[in-house]
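Coordinate analysis (summary)
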Amino acid sequence: MALFDRSDYDRRKGYDIMRADMKILEQRGLMLPADKDSALRRITLVDSHEQCVQAAIVVEAIFENLDAKRQLFGELAAAAHRTGATPVLSTNSMNFSIGQITQSLSPATTLLACGVRFLYPVFFMRPVEVSGHEDGATQEQISASATLSRVMGQLRRFGFEPFYYHLGSTQD
C-alpha cells in the first residue's frame, strides 16, 4: 500500500496520524499489536505519481475541492500513460461523482475510474461503498463492469465487504 501526498512533510504527517490512531486503538484493546504492526509495515511512502499508478487501485482523498480532484486525476492519468500502468483511479468524495471528476479525461481513463468510500470508523467498518458511471447505463452493464469487478475483488482481498451503490437508487 502506498501513501502519497504533495510533500514529504505531508506524507510523514499522514503516516504519523495513522500510526497514532492505531496506537490509541491498541491501548484501548480494540486492535491487536500484531495487527497494528502488520498494517503499518504494509504502508510505503511514495513521492511521485509514477509510483502511485503502479498500485492496482489509487484512492484519492483530497478535501472536497473539485478542481484539485480533477487536476490530480489528470496527473495520475498522464503518469499511467507514461508508465503503461492501468490502475483503477478512485475517489473517496462524498460530494462529487466520479463522472464529475473525470469529465475532461479520455474515455479510456474514465472507464478505469470509480468511487470508493470507506465508512467510518475505517479501522472497524468492513463495508465499503463502490460506485461507478451510472448515467444511461443499465443495471446489467453496471454489474458487468470490469473496473467494478476488479475493485470489488481487490477490496475483498484486503478484507473489506464492498457493496455497490447506484447513484439513482433510493434508501429505505
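As a reminder, the structure under discussion sits directly above these lines.
Residues numbered from 1 in each chain as written. Predicted model: local features only at pLDDT ≥ 70, side-chain atom pairs only at ≥ 80, totals over all residues. Heavy atoms only, no water.

Digging into helix α8 (residues 146-157)
In an α-helix, one turn spans 3.6 residues, which is why side chains three or four residues apart end up on the same side. Taking 1.5 Å per residue as the helical rise, α8 with its 12 residues ought to reach 16 Å, and the 17 Å between its terminal C-alpha atoms agrees with that figure. Turning to α8, its buried residues are Thr-147, Leu-148, Val-151, Met-152, Gly-153, Gln-154 and Leu-155. A positive phi of about 95° marks Gly-159, the residue just after α8. (Helix = DSSP H or I, 4+ residues; strand = E, 2+ residues; numbered from the N terminus. Expected span 1.5 Å × (residues − 1). Buried < 20%, exposed > 50% of the residue type's maximum accessible area, 1.4 Å probe, protein only.)

Details of the sheet that holds strand β3 (residues 57-60)
With mixed pairing, five strands are arranged side by side in an open sheet as β3-β4-β5-β6-β7. Strands with a single pairing partner mark the edges of an open sheet, and in this sheet they are β3 and β7 (161-164). In this sheet, neighbouring strand axes are inclined to one another by 30° on average, regardless of whether the strands run parallel or antiparallel. Note that β3 and strand β4 (residues 88-91) share four bridges and pair parallel. Paired with Val-58 across the strands is Leu-89, a residue of β4. Against the sheet, helix α4 (residues 66-83) contacts β3, β4 and β5 (113-118), and its axis sits at roughly 170° relative to β4. (Pairing = 2+ DSSP bridges. Axes fitted to C-alpha atoms, helices over the stretch in contact; angles between N-to-C directions. Contact = heavy atoms within 4.5 Å.)

A word on the side chain of Glu-60
Along the chain, Glu-60 falls in strand β3. Exposure remark for Glu-60: the relative accessible area of 2% places this residue in the buried category. Within polar-contact distance, the side chain of Glu-60 engages the side chain of Lys-69 at 2.5 Å. For Glu-60, the residues in contact, after removing those within four places along its chain, are Lys-69, Leu-72, Phe-73, Ser-90, Thr-91, Asn-92 and Ile-101. (Polar contact = N/O pair within 3.5 Å; in protein donor to acceptor, adjacent residues only side chain to side chain.)

A closer look at the nonpolar core
Among the nonpolar cores identified, the biggest contains 18 residues, and Val-53, Phe-73, Leu-76, Leu-89 and Ile-101 are the most heavily contacted of them. Mapped onto this core, the elements with two or more residues apiece are α4 and α5 (98-102). In terms of residue count, α4 provides more of this core than any other element does, seven residues in total. Ignoring anything within four residues of it in the chain, the contact list for Val-53 reads Val-58, Leu-76, Ala-79, Ala-80, Thr-83, Ala-85 and Pro-87. Val-88, Val-128, Val-130 and Met-152 belong to the second-largest nonpolar core, a separate cluster that totals 11 residues. (Core = buried A, V, L, I, M, F, W, Y, C linked by side-chain atoms within 4.5 Å.)

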